[in-house]
Amino acid sequence: MQATNSPTLIPLPSWLTVPNLPLNAGTIGAILYSGFYILLEPVAGTILLPMIIGWTAYSNHLTSTCPSSANTAGIAVEVVSWVAQFVGHGVYEGRAPALLDNLLQALVLAPFFVFMEFLFKLGYRPELQKRVNEAVEKEIKKFKSDKENGAIKNGKAN
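Residues numbered from 1 in each chain as written. Predicted model: local features only at pLDDT ≥ 70, side-chain atom pairs only at ≥ 80, totals over all residues. Heavy atoms only, no water.

Caption draft 1: Molecular detail of the overall build of the protein chain. From N to C terminus, the protein chain includes five helices and two strands. When the helices and strands of the protein chain are read in sequence order from the N terminus, they spell out α-α-α-α-α-β-β. Expected size for 158 residues packed as a compact globule is a radius of gyration near 15 Å; at 20 Å, the protein chain overshoots this value by more than 25%. Taken along the three principal axes of its C-alpha coordinates, the protein chain extends 60 × 35 × 25 Å. The burial tally for the protein chain puts 22% of its 158 residues in the buried class. Within the protein chain, contacts between residues separated by at least 24 positions form 45% of all contacts whose residues are at least 6 apart in sequence. For the protein chain, the computed accessible surface area is about 11000 Å², with 67% contributed by carbon and sulfur atoms. Computed over 12 positive and 11 negative side-chain charges, the separation of the two mean positions in the protein chain equals 4 Å. (Helix = DSSP H or I, 4+ residues; strand = E, 2+ residues; numbered from the N terminus. Rg over C-alpha atoms; globule rule 2.2 N^0.38 Å. Buried < 20%, exposed > 50% of the residue type's maximum accessible area, 1.4 Å probe, protein only. Contact = heavy atoms within 4.5 Å. Areas by Shrake-Rupley, 256 points an atom, 1.4 Å probe, with all protein chains shown as cover. Lys, Arg positive; Asp, Glu negative; His and termini not counted. Charge placed at Lys NZ, Arg CZ, Asp CG, Glu CD.)

Take a look at the structure:
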């Protein structure tokens, strides 16, 4: 049963409404993310689709049944995660997170890259894994070379 106080951006007739998936910003974002991931890598994107939509439905359920505590917990997790990311990048990599280089890459592509790494561990498309690893190694060598040559200080190019 869908809660009636669920905020929607686009009101739909009840016969077209999916429980816990009102057309709000979160649901629209999940649909866009899923579609983009399917375009990037059809099989992996399709595998990820039910997870993204399921998480979205569960989030909508939580925010409609207990909005205060769900939003407080969500904000706390976001803040702790971002702080951990900046500390981790600063301490272990000695550079700023990719968020500061490319917002699209950091917010859209990085989560999919992590999922692809998981699939690679399960043996998914070894030829793609090889190409991705080669590209990553090339970027790491370039970064190290730039850092040694003084072109990068404090995680930023000079």
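Now that the structure has been shown, we can carry on.
Caption draft 2: Looking closely at a nonpolar patch on the surface. On the surface, a nonpolar cluster with roughly 650 Å² of combined accessible area is contributed by Ile-75, Val-79, Val-83, Val-87, Val-91 and Tyr-92. Topologically, Tyr-92 is positioned in helix H3 (residues 67–93). (Patch = residues over 30% accessible without salt bridge, like charges linked within 9 Å, V, L, I, M, F, W, Y side chains within 5 Å. Salt bridge = Lys/Arg side-chain N within 4 Å of Asp/Glu carboxyl O.)

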